[in-house]
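Summary of the model geometry
Chain residues, written in single-letter form:
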Amino acid sequence: RRPAGPREPGAGLAAGAPARRRTIEFVLRMFDAFALDPLLAPAFAPAIGRIRGSALRVALADADMVESTRHPVWQFLDRVGEIATACAPATDTRGAALLGLCQALSDQLAGARSPDAALYRRAHSQLDGLLLNQFKTQFVSAQSTMQSLQLLERRELLERHLSQRLVDQMVPVRTTPLVRRFMTGPWARVLAESILREGEQGE
């Protein structure tokens, strides 16, 4: 934990200015709260800590950051926090991609000479863009899975129906038990698959 004190960026500017000192203390408390959140994935903590000084510079130059929870800095931190509590980057490729982007954005924000609301707004938009792309990919995958499950259910119902019809049709037929089992089992599955692929009028 980095203590609030002269070593923090901008702390020297607050020596004779109570309002600035309160701003610095407030921002540092917010970052401490992030660092202490037990739900925060440890892998994301360095990315959040890296922009501590950058966020402080924005707060000292932009009074809206302290006065509004809708400020781009807080929105960006909120988004990173949401991602960090929901992701498992060590085992999830989507989480790993999000962690990589968070790290890259934190480097960019920390390295900016004059960070401002617009810079954080762009970073927030980049995160949301990646999240949207991942959601679209998941949606397509889920649709494919649902279609597969629906097809499987239709196949099972159709096979059951055809098997019963074949049982009824085989009643007057004199044949061996082996043939009956084949007709009402494997052959019913073949017919069900054929109907699903080509329709009931298929060859």
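Before any of the text, the structure's been laid out above.
Please read these numbers as outputs of a predicted model, since none were measured by experiment.

Definitions and cut-offs
Residues numbered from 1 in each chain as written. Predicted model: local features only at pLDDT ≥ 70, side-chain atom pairs only at ≥ 80, totals over all residues. Heavy atoms only, no water. Helix = DSSP H or I, 4+ residues; strand = E, 2+ residues; numbered from the N terminus. Rg over C-alpha atoms; globule rule 2.2 N^0.38 Å. Buried < 20%, exposed > 50% of the residue type's maximum accessible area, 1.4 Å probe, protein only. Axes fitted to C-alpha atoms, helices over the stretch in contact; angles between N-to-C directions. Parallel < 35°, antiparallel > 145°, perpendicular 65-115°, else oblique. Contact = heavy atoms within 4.5 Å. Salt bridge = Lys/Arg side-chain N within 4 Å of Asp/Glu carboxyl O. Phe/Tyr/Trp six-rings, centres within 6.5 Å; stacked < 30°, edge-to-face > 60°. Core = buried A, V, L, I, M, F, W, Y, C linked by side-chain atoms within 4.5 Å.

On to the overall build of the protein, then. Counting its secondary structure elements, the protein contains nine helices and zero strands. Scanning the protein from its N terminus toward the C terminus, one meets helices and strands in the order α-α-α-α-α-α-α-α-α. Relative to a compact globule of 203 residues, whose C-alpha radius of gyration would be 17 Å, the protein shows 31 Å and is clearly more extended. Dimensions of the protein, computed from C-alpha atoms along their principal axes, come out at roughly 105 × 30 × 25 Å. Here the protein holds 203 residues, and 31% of them are scored as buried.

What follows is about the packing of helix H8 (residues 177-184) against helix H9 (residues 186-198). Interaxial distance between H8 and H9 falls to 3 Å at its minimum, and their mutual angle equals 25°. Looking at the two axes, H8 sits roughly parallel to H9. In contact with Arg 181, Phe 182, Met 183 and Thr 184 of H8, H9 contributes Pro 186, Trp 187 and Ala 188.

With that settled, the discussion passes to the pattern of salt bridges. By the definition in use, this model includes seven salt bridges. A salt bridge links Arg 79 to Asp 128; its shortest N-O distance comes to 2.5 Å. Highlighted residues: Arg 79 in helix H5 (residues 72-86) and Asp 128 in helix H7 (residues 117-170), separated in sequence by 49 residues. Among the residues examined, Asp 128 registers a relative accessible area of 26% and is labelled partly exposed. Two residues, Glu 193 and Arg 155, come together in a salt bridge whose shortest N-O distance is 2.7 Å. Taken as a pair, Glu 193 in helix H9 and Arg 155 in helix H7 lie far apart in primary sequence, 38 residues in all. A residue is classified by how much of its surface remains accessible, and Arg 155, at 22% relative accessible area, is partly exposed. Among the charged side chains, a salt-bridge network with shared partners connects Arg 79, Glu 82 and Asp 128.

Tallied over the entire structure, the rule returns three aromatic pairs. Where Phe 26 meets Trp 74, the ring centres are 5.9 Å apart and the plane angle is 85°; that geometry is what we call edge-to-face. Placement of Phe 26 in helix H1 (residues 18-36) and of Trp 74 in helix H5 is noted, with a sequence separation of 48 residues between them. Among the residues examined, Trp 74 registers a relative accessible area of 7% and is labelled buried.

In terms of nonpolar packing, the biggest core is built from 35 residues, with Phe 44, Met 65, Val 73, Phe 76, Leu 77, Tyr 120 and Leu 127 touching the most fellow members. Elements with a contribution of two residues or more to this core: H1, helix H3 (52-61), H5, helix H6 (93-111) and H7. No other element matches the seven residues that H5 contributes to this core. Residues contacting Leu 77, with those up to four places away along its chain left out, are Phe 31, Phe 34, Ile 48 and Ile 51. Counting residues in hydrophobic clusters, the runner-up holds five residues, among them Leu 158, Leu 162, Ala 188 and Ala 192.

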